[in-house]
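Here is what each chain is made of, one letter per residue.
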Amino acid sequence: MTTSKTPRRSFLGGLFAATAAAVSLPLTGLRAESAPHQGGTAWMNDVKGTHRCFFDFPQHKNGFPLLHILNYINTYSAAMGAKPGDVGAVGSFYSFGAGASIGMSVDDEMWAKYGLGEYFGLKDANGRAYTRNVFNSPTADDRHLFSQALNSPDLPMFGGAIVAAGIKSLQGMGAKFLLCNNALNGWTFDLEARGKGAQADILKDLTAHVLPGVTIVPAMVIAIEQAQTAGIAYNKQ
């Protein structure tokens, strides 16, 4: 039996212990400004590379789908010699309710205004509900989210991983994120029913505060179909 010359522990250490700057991940430059609502396939122009994969995650799962995107991009670079621009990934924000990924699409102001940390049941290391979008620019102190997702003790190795797996960080590596317009509309009715304000006002507010680089598409189910028709691989999270 042939034994790998690269120990598994060493590889995992390199993935989990390093920050985005230290892992030598392929960067494609700064994020684009927030894209307008798109009904066609123009968003695919932002998914570069010969290796492209659509990561479909209607649930936030404490950010673990973002870690899988990081793993995809980083492994192609570190273990398979891919160069910047060779690898592209797509992530999906949709659904609504406590476990949904849709809240990952909006900025800190919306998290504070609408109490989204409480809505999604996400608490910081001190046990307080987040008042910022922890998935956009997480710090090493947010590593407990990954440990909680696995129902494991606090693992310091997740500190570097969660920083590198932030939305802003992944966008710099070539990841594209989509927000479902149908789900966004549905979510605003849910927030209205919870006493967060009038539905029309909430919709206007959230739409104006979508994270830079995130594109609103009419329906995620159609975006997924379009991606597969274009030859983008599919990964269900």
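Structural data are supplied above this passage.
Here the structure is a predicted model, which is why all the values come from computation and not from measurement. (Residues numbered from 1 in each chain as written. Predicted model: local features only at pLDDT ≥ 70, side-chain atom pairs only at ≥ 80, totals over all residues. Heavy atoms only, no water.)

1. Quick look at the packing of aromatic side chains
Line of reasoning, step 1. Tallied over the entire structure, the rule returns 12 aromatic pairs.
Line of reasoning, step 2. Seen from their ring centres, Phe55 and Tyr72 are 5.4 Å apart, and the 70 degrees between their planes marks the pair as edge-to-face. Of this pair, Phe55 sits in strand β1 (residues 51–56) while Tyr72 sits in helix α2 (residues 64–78), placing them 17 residues apart in sequence. As far as the burial class goes, Phe55 and Tyr72 line up, both buried.
Line of reasoning, step 3. Pairing Phe146 with Phe158 gives two aromatic rings, centres 5.5 Å apart and planes at 80 degrees, and the pair type is edge-to-face. One end of the pair, Phe146, is in helix α5 (residues 144–149); the other, Phe158, is in helix α6 (residues 158–164), and 12 residues separate them in sequence.
Line of reasoning, step 4. Owing to a relative accessible area of 1%, Phe146 belongs among the buried residues under this scheme.
Line of reasoning, step 5. Phe158 sits in the buried class, given a relative accessible area of 2%.
Line of reasoning, step 6. These aromatic residues form a ring-pair network of at least three members: Trp111, Tyr119, Phe120, Phe135 and Trp187. (Phe/Tyr/Trp six-rings, centres within 6.5 Å; stacked < 30°, edge-to-face > 60°. Helix = DSSP H or I, 4+ residues; strand = E, 2+ residues; numbered from the N terminus. Buried < 20%, exposed > 50% of the residue type's maximum accessible area, 1.4 Å probe, protein only.)

2. Examining the sheet that holds strand β2 (residues 87–93)
Line of reasoning, step 1. As summarised here, the arrangement of the five strands in space is β4-β3-β2-β1-β5, forming an open sheet in which the pairing is parallel. The sheet is open, and its two borders are formed by β4 (214–217) and β5 (233–236), each paired with just one other strand. Strand-to-strand twist of the sheet, defined as the mean angle between neighbouring strand axes without regard to direction, takes the value 25 degrees.
Line of reasoning, step 2. On top of the sheet, helix α8 (residues 181–193) reaches β3 (175–180) and β4; it is set at about 50 degrees to β3, its chief contact. (Pairing = 2+ DSSP bridges. Axes fitted to C-alpha atoms, helices over the stretch in contact; angles between N-to-C directions. Contact = heavy atoms within 4.5 Å.)

3. Here's the deal with the nonpolar core
Line of reasoning, step 1. Formed by 66 residues in total, the largest nonpolar core has its most connected members in Trp43 and Phe177.
Line of reasoning, step 2. Ranked by residues supplied to this core, first place goes to α2 with eight residues.
Line of reasoning, step 3. Setting aside anything within four residues of it in sequence, one finds Phe177 in contact with Phe57, Leu66, Ile69, Gly91, Phe93, Ile167, Leu170, Gln171, Gly213, Val214 and Thr215. (Core = buried A, V, L, I, M, F, W, Y, C linked by side-chain atoms within 4.5 Å.)

Purely geometric numbers; function is a separate question.
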